[in-house]
Amino acid sequence: MLSSVTKNFIRSKNVLPMAARAMAGVPPARLFDYETIIANLTVADAIDSVEGAFAALAQGKVDVPMPMHISVNESANAGPGDCHIKGGYIDATPTFTVKLATVSFYKNASKGIPPGSGVFCVVSAENGAPLGIFQENRYMTDLRTGAAGAIALKHCSSPDHDTIGFIGCGAIARNMARASAAVRPFNGVAYGFAGTADAFCKEMEEELGMPFTAVDTAEDLCGKSDVIFTQTPGSETVLELGWLKKTGVTIIASGSDQPTKNEIPIDVLKAGKYVSDLTKQTSKVGELRVALQAGEMTEDDVYAELGEIVAGSKPGREGDEIIVVDLTGTGAQDAAIGQVAWDKLSKL
């Protein structure tokens, strides 16, 4: 503690304490706006770094705290909505990342703005000073989620699985399609709510140069698809075990990472290999949560975390089996895309 005499001396001489003088020499964080981010980052930029992050996570080389969740209850002045705060540090990398993402502010539609937003803070791992603030409005989050989908496709499906279905046709589905195209050519099938599938198929077919077909029901989609991406608000199941092909299918669930997530029925989770992105998260906010609460599964029933398959310590697909990959989004992914964004945009 500084004495009152010392404090008065500092005020009179306009002298900063040593620590304050040291930090005063640190350059201010750079601010990157949304337009700059979307003009310079693509899902292809994220895939290799996120794949490496998953491998590092399985090897115990990532510090990933549990996410913070803030619920904004509806009132005259606020909400409804949710806020998630995630972050992580990958050993020996020059930065770490803390991310704030907001979702489910559904009243925004009447105001003509999206239902969520987000900010990444990329920090120097050398001196702890913030380097960049990225006003990404969930764009970087969607990129790293798409990258995780591509990695799951690469490691948990067969190379000849070339019909890919998308249940839910929003922003995440688009990034899943783009990321999948970086893994292999495919035929796309889509089922969306409120007529969204037609627009999704038209846009993706034009952008990726691959065929996309809209179908009328999720059951029809499941009967055609070798790989199924689900990306819905997640409080109700979107498929059934009897709808799935018998020749082996990979389901990649990336819906809302909240305590209400429930896209995949328990009997589907139990029917083959259940793979989590991070079991300590999926047990709280993923598909695994419902099965645990029902007493139908335990954490011992988790076949592997995705990083274990990426790192080669456990095999992925082994024949005509069902594999469910539960993606809740990890701080390791945020750290990876944060590093990529800083490396690329700081040179502008």
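Nothing here was measured: the structure is a model prediction, and the numbers come from that model.

**A look at the overall build of the protein**
Argument step 1. The helix and strand tally for the protein stands at 13 helices and 15 strands.
Argument step 2. Whereas a compact globule of 348 residues would reach a radius of gyration of roughly 20 Å, the protein reaches 22 Å, a difference of no more than 12%.
Argument step 3. With the C-alpha coordinates aligned to their principal axes, the bounding extent of the protein is approximately 80 × 45 × 40 Å.
Argument step 4. Residues classed as buried in the protein amount to 51% of the 348 residues present.
Argument step 5. Considering only contacts in the protein between residues 6 or more positions apart, those separated by 24 or more positions represent 69%.
Argument step 6. For the protein, the exposed area adds up to about 15600 Å²; of that, 55% sits on carbon and sulfur atoms.

**As for the pattern of salt bridges**
Argument step 1. One pass over the full model with this rule turns up 14 salt bridges.
Argument step 2. Ionic pairing is found between D334 and K99, a salt bridge with its closest N-O pair at 3.3 Å. Separated by 235 residues along the polypeptide, D334 in helix 13 (residues 331-345) and K99 in strand 5 (residues 95-103) bring together distant segments of the chain. The same class applies to D334 as to K99, namely buried.

**Describing the pairing of strand 12 (residues 249-253)**
As a general feature of sheets, a regular strand has side chains that alternate between the two faces.
Argument step 1. Of all five residues in strand 12, five are buried; the element is thus mostly enclosed.
Argument step 2. Covered by surrounding structure in strand 12 are V249, I251 and A253 together with T250 and I252, the residues of both alternating faces.
Argument step 3. Bridge count for strand 12 against strand 15 (residues 322-326) is five bridges, and the pairing is parallel. Paired with I252 across the two strands is V325, which belongs to strand 15.

**Here's the deal with the nonpolar core**
Argument step 1. In terms of nonpolar packing, the biggest core is built from 63 residues, with L41, F134, F166, F200, F212 and L306 touching the most fellow members.
Argument step 2. It is helix 5 (residues 139-156) that contributes the most residues to this core, 10 residues altogether.
Argument step 3. Aside from chain neighbours lying at most four places away, what touches L306 is F54, A148, I151, A152, C156, V275, S276, D277 and L327.
Argument step 4. One finds V249, V268, A291 and I322 within the second-largest nonpolar core, a separate group that totals 24 residues.

**So, the packing of helix 4 (residues 43-58) against helix 5**
Argument step 1. Where helix 4 meets helix 5, the closest approach of the two axes is 8 Å, and the angle between their N-to-C directions is 65°. With respect to the hand of their crossing, helix 4 and helix 5 are arranged in right-handed fashion. Seen from helix 4, the contacting residues are V43, A46, I47, V50, E51 and F54; seen from helix 5, they are L143, R144, G146, A147, A148, A150, I151, K154 and H155.
Argument step 2. Across the contact of helix 4 with helix 5, the residue classes tally to 10 nonpolar, two polar and three charged.

**With respect to unusual backbone geometry**
Argument step 1. The linkage connecting G79 with the following residue, P80, adopts the cis geometry, with an omega of 0°.
Argument step 2. Mapped onto the secondary structure, P80 falls in the loop between strand 3 (68-72) and strand 4 (81-90).
Argument step 3. Positive phi values are uncommon outside glycine, yet A92 reaches one of about 75°.
Argument step 4. The exposure class assigned to A92 is exposed, which follows from its relative accessible area of 79%.
Argument step 5. Residues other than glycine seldom take positive phi values, yet A194 does so here, at roughly 55°.

**Details of helix 4**
Argument step 1. Between its first and last C-alpha atoms helix 4 spans 22 Å; for 16 residues at 1.5 Å apiece the expected length is 22 Å, and the two agree.
Argument step 2. Among the residues making up helix 4, those that are buried are V43, A46, I47, V50, E51, A53, F54, A55, A56 and L57.
Argument step 3. For helix 4, the elements touching its buried residues are strand 2 (62-63), strand 4, helix 5, helix 6 (171-181), helix 12 (306-311) and helix 13.

**Some points on the side chain of D82**
Argument step 1. Tracing the sequence through the fold places D82 in strand 4.
Argument step 2. For D82, which is buried and forms no salt bridge, the nearest opposite charge comes from R138, at a distance of 10 Å.
Argument step 3. Among the polar contacts made by the side chain of D82, one reaches the side chain of H69 at a distance of 3.0 Å.

**Some words on the sheet that holds strand 14 (residues 304-305)**
Argument step 1. The eight strands are arranged 10-9-8-11-12-15-13-14 in an open sheet whose pairing can be described as parallel. Looking along the sheet, the strands with just one partner apiece sit at the ends: strand 10 (212-214) and strand 14.
Argument step 2. Against the sheet, helix 5 contacts strand 8 (163-167), strand 11 (227-230), strand 12 and strand 15, and its axis sits at roughly 160° relative to strand 12.
Argument step 3. Lying over the sheet, helix 6 contacts strand 8, strand 10 and strand 11, oriented at roughly 165° with respect to strand 8.

**Regarding the environment of D320**
Argument step 1. Within the fold, D320 resides in the loop between helix 12 and strand 15.
Argument step 2. Placed 161 residues apart in sequence, D320 and P159 show a C-alpha to C-alpha distance of 13 Å.
Argument step 3. Setting aside residues no more than four positions away along its own chain, D320 makes contact with K246, T247 and G248.

**Quick look at the packing of aromatic side chains**
Here the distance between the centres and the angle between the planes together describe a pair of aromatic rings.
Argument step 1. Counting across every chain of the model gives 10 aromatic pairs.
Argument step 2. Taken together, a centroid distance of 5.6 Å and an interplanar angle of 75° make the contact between F186 and F212 edge-to-face. Of this pair, F186 sits in the loop between helix 6 and strand 9 (187-191) while F212 sits in strand 10, and the two are 26 residues apart along the sequence.
Argument step 3. Its relative accessible area of 3% is what places F186 among the buried residues.
Argument step 4. Given a relative accessible area of 7%, F212 falls into the buried group.
Argument step 5. On the basis of an interplanar angle of 80° and a centroid distance of 5.8 Å, the ring pair of F200 and F212 is categorised as edge-to-face. On the criterion of sequence distance, the pair formed by F200 in helix 7 (residues 196-208) and F212 in strand 10 is long-range, its members being 12 residues apart.
Argument step 6. Through a chain of ring-to-ring contacts, the aromatic side chains of F166, F186, F200, F212 and F229 assemble into a single cluster.
Argument step 7. Just above the ring of Y303 sits the side chain of K314; from NZ or CZ to the centre is 5.5 Å.

What counts as what
- Numbering of residues begins from 1 in every chain and follows the order in which that chain's sequence is written.
- With the structure being a predicted model, the display of local features is reserved for residues of pLDDT at least 70 and the display and counting of side-chain atom pairs for 80 or more, all residues being used for whole-chain, interface and lining totals.
- With hydrogens and water set aside, each side-chain value is computed from the structure's full complement of heavy atoms.
- Strands are runs of DSSP state E lasting at least 2 residues, helices are runs of H or I lasting at least 4, and numbering of each runs from the N terminus.
- All radius of gyration figures rest on C-alpha atoms, and the globule criterion is 2.2 Å times the number of residues raised to 0.38.
- The cut-offs for exposure are 20% and 50% of the maximum accessible area for each residue type, with area from a 1.4 Å probe on protein chains only; residues under the lower value are buried, those over the upper are exposed, and the others partly exposed.
- Any two residues whose heavy atoms approach within 4.5 Å are treated as being in contact.
- Note on areas: these come from Shrake-Rupley sampling with a 1.4 Å probe, and a residue is covered only by the protein chains present in the view.
- We define a salt bridge as a side-chain nitrogen of Lys or Arg found within 4 Å of a carboxyl oxygen belonging to Asp or Glu.
- Note on pairing: DSSP must find at least two bridges between two strands before they are called paired.
- Among buried residues, those of type Ala, Val, Leu, Ile, Met, Phe, Trp, Tyr and Cys that are joined through side-chain atoms within 4.5 Å constitute a nonpolar core.
- Between the N-to-C directions of two axes lies an angle of 0 to 180 degrees, each axis being a line fitted to C-alpha atoms and, for a helix, fitted only over the stretch in contact.
- Left-handed describes a crossing whose near helix is turned anticlockwise from the far helix through less than a right angle; right-handed describes the clockwise counterpart.
- For this classification, the nonpolar set comprises Ala, Val, Leu, Ile, Met, Phe, Trp, Tyr, Cys and Pro, the charged set comprises Asp, Glu, Lys and Arg, and every other residue, Gly included, is treated as polar.
- Given a helix with a known number of residues, its expected span is that number minus one, times 1.5 Å.
- Only four residue types enter the tally: Lys and Arg on the positive side, Asp and Glu on the negative side, with His and both chain ends excluded.
- Pairing of N or O atoms within 3.5 Å defines a polar contact, subject to two protein rules: one partner must be a possible hydrogen donor and the other a possible acceptor, and residues neighboring in sequence count only if both atoms are side-chain atoms.
- For this analysis, a ring pair means two rings from Phe, Tyr or Trp (six-membered ring only for Trp) whose centres lie within 6.5 Å, classed as stacked if their planes differ by under 30 degrees, edge-to-face if by over 60, and tilted for the remaining angles.
- Working rule: Lys NZ or Arg CZ, within 6 Å of ring centre, within 35 degrees of ring normal, means a charge sits over the ring.

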